[in-house]
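Spelled out, the chains give:
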Amino acid sequence: MLRLFLRRFTKAVLWFAGGSVLLVLIFRVVPPPGTTLMVERKIESWFDGEPIDLQRTWKPWDEISDDLKVAVIAGEDQKFPEHWGFDLGAIRAALAHNELGGSVRGASTLSQQVSKNLFLWSGRSWLRKGLEAWFTGLIEVFWPKQRILEVYLNSVEWDDGVFGAEAAARHHFGVSAKSLSRQQASYLAAVLPNPRVWSASHPTNYVARRAGWIRQQMSQLGGDSYLLGLNDSRRAPWAQ
């Protein structure tokens, strides 16, 4: 019985590994039709009895504001061009902070957020974390950095049921994702830690201050020129 179980378990793991690799390879070139987070929001609305209209329109890299690309990196993951999916320094700092108690600090990179939003469910279980690490590793190996950021910008939630840069730009500012100004981009990036509570179009004082800080960081990173070497900026994993 034990040998049969182990054989079936091994086969299931191999099928899962092969299937997930294939899925990641497909999404390298094919726009993902949706995310598991979108499905989760829809199911939540059914249980709450409050129907939600999911908004999302995929836009390719060239049709998204460069200011938004840089703003998101500046606000969420400034080591994004360099790491292989995991910011080890941020993880160590978060662990040290969380040991002191109080508020819990996360250390998710943009790559980890893509793997979570696209393939997994919300929560903090060890199983989900393990799967997140697996998918994060896959997309870092098989996708260039530009593709990771492109999928992130088309998948992240910017209000209840508002997913992706195009829907967010239309919802908050009445413009296309490509037409976002530097200030508008900074406000969208500023609310990403809590987009269902904070609003880019009706910012609190805290959000406005955070957006100002993000604009400063964008300038220090080099503005639009920061994106030019995005696909060639990763160091070897052992150099982190």
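Per chain, residue numbering runs from 1 following the sequence as it is written. Totals for whole chains, interfaces and linings use all residues, but because this is a predicted model, local features are given only for residues with pLDDT of at least 70 and pairs of side-chain atoms are given and counted only at 80 or more. As a rule here, side-chain values come from all non-hydrogen atoms in the structure, and water together with hydrogens is ignored.

Going by what an unreviewed UniProt entry lists, the chain is known as Biosynthetic peptidoglycan transglycosylase and is assigned to Pseudomonas migulae. UniProt positions are given in the numbering used here, feature names are shortened, and annotations may be inferred rather than shown by experiment. Of the chain, the UniProt comment under Sequence similarities (unreviewed entry) reads exactly: "Belongs to the glycosyltransferase 51 family."

(A) Just the overall build of the chain, in detail. Secondary structure summary: the chain contains 10 helices and 2 strands in total. Throughout, the radius of gyration refers to the C-alpha atoms, and the reference size of a globule is 2.2 Å times the residue count to the power 0.38. The C-alpha atoms of the chain give 19 Å as radius of gyration, which agrees with the globular expectation for 240 residues (18 Å, within 12%). Along the first, second and third principal axes, the C-alpha set of the chain runs to 65 × 50 × 45 Å. Counting only residues that meet the buried cut, the chain has 41% of its 240 residues in that class. For this analysis, residues touch if any pair of their heavy atoms sits within 4.5 Å. Considering only intrachain contacts with a sequence separation of at least 6, the fraction spanning at least 24 residues in the chain is 71%. Secondary structure follows DSSP: runs of H or I at least 4 residues long count as helices, runs of E at least 2 residues long count as strands, and numbering of each begins at the N terminus. Relative accessibility decides the category of a residue: with a 1.4 Å probe and only protein chains considered, values under 20% of the type maximum give buried, values over 50% give exposed, and everything between is partly exposed.

(B) Spatial organisation of the UniProt feature "transmembrane region" (unreviewed entry) in the chain. As annotated in UniProt, the feature "transmembrane region" (unreviewed entry) corresponds to residues 12–30 in the numbering used here. End C-alpha atoms of residues 12–30 are separated by 26 Å, and the span's content is 95% helix alongside 0% strand.

(C) Here's a closer look at the environment of valine 24. Among the structural elements, valine 24 can be located in helix α1 (residues 2–29). Expressed as a C-alpha distance, the spacing of valine 24 and leucine 138, which sit 114 residues apart in the sequence, is 7.0 Å. Every residue in contact with valine 24, bar those within four places of it in the chain, is listed here: Phe119, Phe135, Leu138, Ile139, Phe142 and Trp143.

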